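The lines below spell out each chain.
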Amino acid sequence: MENPETEYKARKPIPVQISVLKAVNLKGSKGDNPLTYVHVEYNNFPLGDSAKFQVVENEVEYNFTTSFDCTLDGIYGLDSLVHKPVILTIMEVLPKEKKKKDEKVAMLGQATVDLLPLTQGECTFTRTLTLHPLGNPLEQVVTDETKSLLDIAVSVPEPLLSETQLEGSNLLRITAESVFSIPESWSTAAPFNYIVSLFLPTSTSKEVRVMFTNGILKGEKEPSIRPKRWPVNNITAIGAQNIPDSFIEICPFEDEDGELNRREDLAFRTDAEGEKKHVMWNIERRCFMQPEALLRLQKHIAETIYFPVEIKRLPLAPPTKTGGRVSKMEKVDEEGAISFHGVAYVNMAPLLYPGVKRIRGAYSIHPYNELEIFEKTKRKNQETAGIPGALKGQAVHTKNALNKVKDDKGSKEVYKKNSVNLKMVTGDHAPDQEMPSVPNVEGEQYLEARSYIILEFSLEKPLVQKRLREELAKRVAEMIPPRPLFPRRTSGADKAVADYHNQIISVAKIIMNEYQEMFGRKLAEGKLSQELQDQEERKHKLIFELNTSGKYFAFKEQLKHAVVKIVREKYLQTVAFENKEQLQIFLNELYIFLVDQMHCCLHKLLHVDPPDPIPESSLGSAQLKHFAKEAEMNKDFELAKKYHQERLARDRNNAEHWFDYGIFQLLLSDHAKADECFREAVAVNQEHISSLILCGILASMNERYDDADNFFESARCFEPASVLAWTIQGLFYESQDRTILSEMAFAEARKLQTAAEMLKKSLDEATAGKKKTEIPEAEPENGKKDQPVVNDEAEPVVQESSSQSAPSLIGPDGISKPASSISSRKRNFSVKASVDPTKVIDVLENVMESLQQDEALSTAVPTALQSPALLPSPALLPTPPAVPSPAPVSSPVLNPVVEPPPKETIPVCTRSIYLEAAKFLLEVNALQFASRAMAHELLSNENGLSCEYHVVLARLYMCNEEFGKAEDSLAEAGRIDHQNPDLWALLGHLSYMKENYSKAKECYERALCYVNDALDMHTICLRLGSIYLQEENVQSYKSAKSTYLFASQRAPSCLSWLGVGIACYRLNELANAEDALCEANILCNMNPEVWGYLTLVCLKTARKLEAEQTYKYTLKLNLQNKMLLDEIHQLQKTLGFGNPSL
């Protein structure tokens, strides 16, 4: 294919033809039927005038055609076409005055023709334009009936751009809107020309300067709907200066891409954009970008990110005294009068985000400084670099005494120096010598006033195309083929046997119909004998009838094809046998198989009793997952694997089952097996977001970066509102040094997180308001207002469910054993436990002293902890109270009186996207990406690290078995917030793993004291209960019973009910122990300790048969607890029964 750049240069100029057809509703200054003609102008060059025509009946036909040549090479060919309009001026010829030879003309109105459609592939288009009269359009009342209209047509003989050029080119629109919060000195009435300028790369090595001139100093507020204006100065009619059907698009404040879009900037911007003075342009400059220019633009953005946009002020030139000619000295003075030279740095990186076509925002204006520009953009100032359209002259700050030139000699030297610089052509490299830093006093006023400019950059097509959802789905399907929703049709041996069954059923029905025809009448009348001899006689008659009628041979032919398929598909016999012996052996085997299948088929056909229903398991998928997590916590990975595989066996088409199994494999560091599981999940559900993310993480870890990118982008595309998907994709881009894309992903994640938090906040406020209106507050009794309600005792009750209403002893083989005596004793029981409050206070103080390092905390916290309202009895901890939690006692140290802050009007992200991602990654055991997320949280947190950060970091260290670092992180978290339940839970886990059970118990009790639950309450309760059982005293057994009951009420499991049973057995509550052990046996009948304690209960209740049965299963399941086994043997020996071997 030919290079598009070569095509541009090789083509000849193409004539663009403009035809003015007719005009309607023209009103002259001297009457309703004026004599008019059309003047056509393009690019400051007149294209011609039409003939003069009289308006007749509000209509005049010109039929005037003119043209100009459009060059396709160079910078100014198509670029001029897209941003410069054709100006049509309707002139009125006034009557000649007496004694004057020349005719007078007056302008009736102007219209502009936008030639942009020619660069979009069109060859001909027609328009009906509005003719804008002179004067202020707001003062003129024009209706649709009286509006002056002009019909035109534009055409070219051939398309200006080929399809290849259209596809490779682009259109950049730059809009300079307004500068707000201007310096106070700008309020003077002196006329100035306000200019905005920047440089853009072109298809050549040079750059083009884009300028916005003639800014208007205004004092009124800008309207919400504002038209964009042409970037040309030779349009007289005010209305014609606006680009047809082009308006400024206002986006929400928080969605802007500029610098002043933070929460604290809202009030300032609202005030500045009100009735205060500002400079307005509202000019759109279109730039036609050829493929080479687009590549240079992308390269420039990737290298420098920032584009400097200069803001200047020039005095308007006064009328000259020499008849319009400007002397050389006057020209030098004019060029050297640039003042208030500022610069705004526009971050253009969002234009490199996939699918992004537009950025708009407010950018702060800084004093112009060449050194600063070079540091930010790595480019030398282009002001004097010989760039086309550059402003000449030095920026002289008239109010700065250091820069003021007092004598003409100095001015001439400066001018000569600049004249030399104008002839230089510099590249993008650094300057040869160090640039001097010149103070810019006038520019400093921008900082004092906090001036900012609103700019917009938009493209017709994005620089980086965004991959479509269909394309991503196709790529994922190529990597992981989707599993069919329905099973495939049976084929081969299964289908052959099924066909044989169908033929047997068909033949059997025909034979039964034949029998009905022969003996059905006698059978209905009751005259059919049932003696054996008569039955044999009827059988012979039936066979004789089938043989004589030929139906018997028809049946054989009907079955032959099915039998042949069985021989071929099931027995794989397709060739003749070598000898008769092999043939006879095969026929015997085939005959036995066919007869067995016939009997099975006839049994199904003639069997009238329904089959026994298969009992459904009482355990659901969620319970199995809970049991698996519990086994993982206890490091019993074989049991956890069994539960995960059982979930898969129940439903292999559930993506969540495969996903959880993959997480388990990641815990075992089996990345290959984990990747296989996640791919199975995606095969089942191509849009399973979590599995796609984990597939991407594993692909990245295995250095398959293209696959990882596809997975991450698919997850983000399938669920665009997923904060997690955006954040993890940003972490991946960061690891690949793709800084621009990572910033894009993180920014989008923060935006979505903020929106989600605002939605949740509004829903919570609506819910709270509804409750407040529906439920009135209760009046306090006896003047006791705000008194906390404290429960002295709590009585948790074992809950019975429909599946557990009749517990029985279930053996490991699945057969129910007689347990009538056990089930008959099942009843509800209560638990009452108490602990000495002074003991709890000592425990909490000891734990706090290990974390307190500053004197203030060590004195304030123990004092507050001595308040009885803050120290609930541990008996209340396992069971949630039925009344609201007691309010904490107000303290000037812990609860200072602070007035509520004013309601925020701009949403702000309060939760860190990195912490949320790290929590998810820790849950799925993706520790490598979790470390990256925590590193980003460390770098991005400007207000100091939170307690939550240190807690999550401690979890990461614990997963990596770096327990020393985990302790340091938890200590730091305790200094920040000692009331975090997760902090105490992790401290308890660390102590438990170090077998420091006394400290672990203190931390677990502290974690249960708080209103908010810790991260893993089930693990806390199980470990705390096991510590209580190890203490072997009555009070500890009661606490263990209460703790295990709390765990059973929240999330029942075999271990939680086993703990209740052990505690009740040690308290000699045999009936309650038996009920709890039955519940544990229902949830898991493969736990040997459950059978062991059931053996003890049956022995103590003198049930010999059940004691022997439970002891048999205890041995069968290989009980490893030697102390429990010795206790069983000792009790059997004491009682004299229960062990059949004795």
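The model shown is predicted, which means the values in this text are computed figures rather than measured ones.

(A) Layout of the overall build of the chain. On a plain count of helices and strands, the chain comes out with 38 helices and 22 strands. Here the chain holds 1142 residues, and the buried ones make up 45% of them. Pairs at least 24 apart in sequence give 72% of the contacts found in the chain among residues at least 6 apart. Carbon and sulfur atoms provide 53% of the accessible area of the chain, an area that totals close to 61,000 Å².

(B) The arrangement of the pattern of salt bridges in detail. What the rule picks out here adds up to 53 salt bridges. E948 is paired through a salt bridge with K919; the nearest N and O atoms lie 2.1 Å apart. Linking E948 in helix α28 (residues 947-959) with K919 in helix α26 (residues 913-923), this pair joins segments that are 29 residues apart in sequence. Take E948: its relative accessible area is 26%, and that puts it in the partly exposed class. With a shortest N-O distance of 2.8 Å, R1066 and E1127 are connected by a salt bridge. In this pair, R1066 sits in helix α34 (residues 1054-1066) while E1127 sits in helix α38 (residues 1122-1135), placing the two residues 61 residues apart along the sequence. Given a relative accessible area of 29%, R1066 falls into the partly exposed group. Judged by its relative accessible area of 25%, E1127 is partly exposed. What you see here is one network of salt bridges that share partners, running through E177, K218, E220, E222, R226, E256, R269, E273 and R360.

(C) Fine view of the environment of L260. For L260, the location among the structural elements is in the loop between β15 (242-247) and α4 (266-272). Counting along the chain gives 103 residues from L260 to Y363, while the straight-line C-alpha distance between them is 6.6 Å. Other than its neighbours up to four places away in sequence, L260 contacts F253, D265, F268, R269, A362, S364 and Y452.

(D) Examining the sheet that holds strand β5 (residues 59-70) more closely. The strand order across the open sheet built from 4 strands is β5-β1-β9-β8, with neighbouring strands paired in antiparallel fashion. Looking at strand neighbours, the two that pair on one side only are β5 and β8 (124-130), the edges of this open sheet. Taking each pair of neighbouring strands and ignoring which way they run, the sheet shows an average axis angle of 20 degrees. In this structure, strand β1 (residues 14-24) lies alongside strand β9 (residues 149-155), joined through 7 bridges in antiparallel fashion. Counterpart to Q17 in the pairing with β9 is S155.

(E) A look at the side chain of R467. Topologically, R467 is positioned in the loop between β20 (452-459) and α10 (469-479). Classification of R467 by relative accessible area gives buried; the value is 16%. At 2.5 Å, the side chain of R467 and the side chain of N710 are in polar contact. In this structure the side chain of R467 is engaged in a polar contact, spanning 2.3 Å, whose partner is the side chain of E713. Setting aside anything within four residues of it in sequence, one finds R467 in contact with L472, R475, D709, N710 and E713.

(F) Representation of the packing of helix α13 (residues 551-569) against helix α14 (residues 580-606). It is the contact of α13 with α14, at a shortest axis distance of 12 Å, that shows an interaxial angle of 120 degrees. When the axis of α13 is compared with that of α14, the two are oblique. Where α13 crosses over α14, the handedness of that crossing is right-handed. Along the contact surface, α13 presents V563, I566 and V567, while α14 presents F586, L590, F593 and L594.

(G) Spatial organisation of the packing of helix α29 (residues 963-976) against helix α30 (residues 981-993). Two elements in contact, α29 and α30, have axes whose closest approach is 10 Å; the angle formed by their N-to-C orientations is 150 degrees. Our classification of the angle between α29 and α30 gives roughly antiparallel. The interaxial crossing formed by α29 with α30 has left-handed handedness. Across from F963, A966, E967, L970, A973 and G974 in α29, the residues of α30 making contact are L983, L986, L987, L990 and M993. Along the lines of polarity and charge, the residues of the contact of α29 with α30 split into 9 nonpolar, 1 polar and 1 charged.

(H) Layout of the nonpolar core. Core analysis: the biggest nonpolar cluster contains 171 residues, and I693 and L921 have the highest contact counts within it. No other element matches the 9 residues that α28 contributes to this core. Membership of the second largest hydrophobic core comes to 40 residues, among which are F68, L81, I90 and A111.

(I) Inspection of unusual backbone geometry at higher detail. At E1032, a position not held by glycine, the phi torsion is positive, near 55 degrees. Residue placement: E1032 occurs in the loop between α32 (1017-1031) and α33 (1034-1050). A relative accessible area of 57% places E1032 in the exposed class. Here the phi dihedral of N1118 falls at roughly 60 degrees; this positive angle occurs in a residue that is not glycine.

(J) Structural view of the packing of aromatic side chains. Scanning the entire structure with this criterion turns up 22 aromatic pairs. Measuring from ring centre to ring centre gives 4.2 Å for Y42 and F68, while their planes differ by 20 degrees; the resulting arrangement is stacked. Of this pair, Y42 sits in strand β2 (residues 35-42) while F68 sits in strand β5; the two residues are 26 residues apart in sequence, bridging distant segments of the chain. This pair shows no difference in class: Y42 is buried, exactly as F68 is. Taking the centre distance of 5.8 Å and the plane angle of 80 degrees together, the rings of Y552 and F553 count as edge-to-face. With a relative accessible area of 40%, Y552 lands in the partly exposed category. An aromatic cluster of at least three residues, connected via ring pairs, comprises W186, Y194, F340 and Y446. The residue whose ring lies beneath R313 is F192, and the NZ or CZ to ring-centre distance is 3.6 Å.

(K) Quick look at the environment of H561. Position of H561 relative to the elements: it lies in helix α13. For H561, a relative accessible area of 57% translates into the label exposed. Sequence separation of H561 and Y500 is 61 residues, and the distance between their C-alpha atoms is 8.7 Å.

(L) Just the environment of D271, in detail. Along the polypeptide, D271 turns up in helix α4. Its relative accessible area of 42% is what places D271 among the partly exposed residues. With 91 residues separating them along the chain, D271 and F180 place their C-alpha atoms 9.8 Å apart.

(M) Broad picture of the side chain of N193. Looking at the secondary structure, you find N193 in strand β11 (residues 192-201). In this structure N193 comes out as buried when scored by relative accessible area, which is 13%. A polar atom in the side chain of N193 sits 2.8 Å from the backbone nitrogen of N214. In contact with N193, other than residues within four places in its own chain, are T213, N214, G215, K312, R313, L314 and L316.

(N) Just the pairing of strand β16 (residues 278-289), in detail. The buried fraction of β16 amounts to 12 of the 12 residues, a majority that puts the element mostly inside the structure. Every second residue of β16 is oriented toward a common face, with H278, M280, N282, E284, R286 and F288 on one face and V279, W281, I283, R285, C287 and M289 on the other, all of them buried. In this structure, strand β13 (residues 216-218) lies alongside β16, joined through 3 bridges in antiparallel fashion. Residue L217 lies in a different strand from β16, and its bridge partner there is V279.

(O) Examining α13 more closely. Look at α13: 28 Å from first C-alpha to last across 19 residues, which is about the 27 Å you get at 1.5 Å a residue. The sharpest bend along α13 comes to roughly 30 degrees, located at K560. Within α13, burial applies to F555, L559, A562, V563, I566 and V567.

(P) Summary view of the confidence of the model for the chain. For the chain, the average pLDDT comes to 78, and 77% of its residues sit at 70 or higher. Taken together, the stretch residues 320-335 has pLDDT below 50 and engages in 10 contacts with residues farther than four places along the chain or on a different chain. Segment residues 383-435: pLDDT under 50, and 79 contacts once partners within four positions in sequence are set aside and those in other chains are kept.

About the thresholds
- Residues numbered from 1 in each chain as written.
- Predicted model: local features only at pLDDT ≥ 70, side-chain atom pairs only at ≥ 80, totals over all residues.
- Heavy atoms only, no water.
- Helix = DSSP H or I, 4+ residues; strand = E, 2+ residues; numbered from the N terminus.
- Buried < 20%, exposed > 50% of the residue type's maximum accessible area, 1.4 Å probe, protein only.
- Contact = heavy atoms within 4.5 Å.
- Areas by Shrake-Rupley, 256 points an atom, 1.4 Å probe, with all protein chains shown as cover.
- Salt bridge = Lys/Arg side-chain N within 4 Å of Asp/Glu carboxyl O.
- Pairing = 2+ DSSP bridges.
- Axes fitted to C-alpha atoms, helices over the stretch in contact; angles between N-to-C directions.
- Polar contact = N/O pair within 3.5 Å; in protein donor to acceptor, adjacent residues only side chain to side chain.
- Parallel < 35°, antiparallel > 145°, perpendicular 65-115°, else oblique.
- Left-handed = near helix turned anticlockwise from the far one by under 90°.
- Nonpolar A, V, L, I, M, F, W, Y, C, P; charged D, E, K, R; others polar.
- Core = buried A, V, L, I, M, F, W, Y, C linked by side-chain atoms within 4.5 Å.
- Phe/Tyr/Trp six-rings, centres within 6.5 Å; stacked < 30°, edge-to-face > 60°.
- Lys NZ or Arg CZ within 6 Å of the ring centre and 35° of its normal.
- Expected span 1.5 Å × (residues − 1).
- Bend = angle between axes of the 7 residues up to and from the residue.
- pLDDT = per-residue confidence, 0-100.

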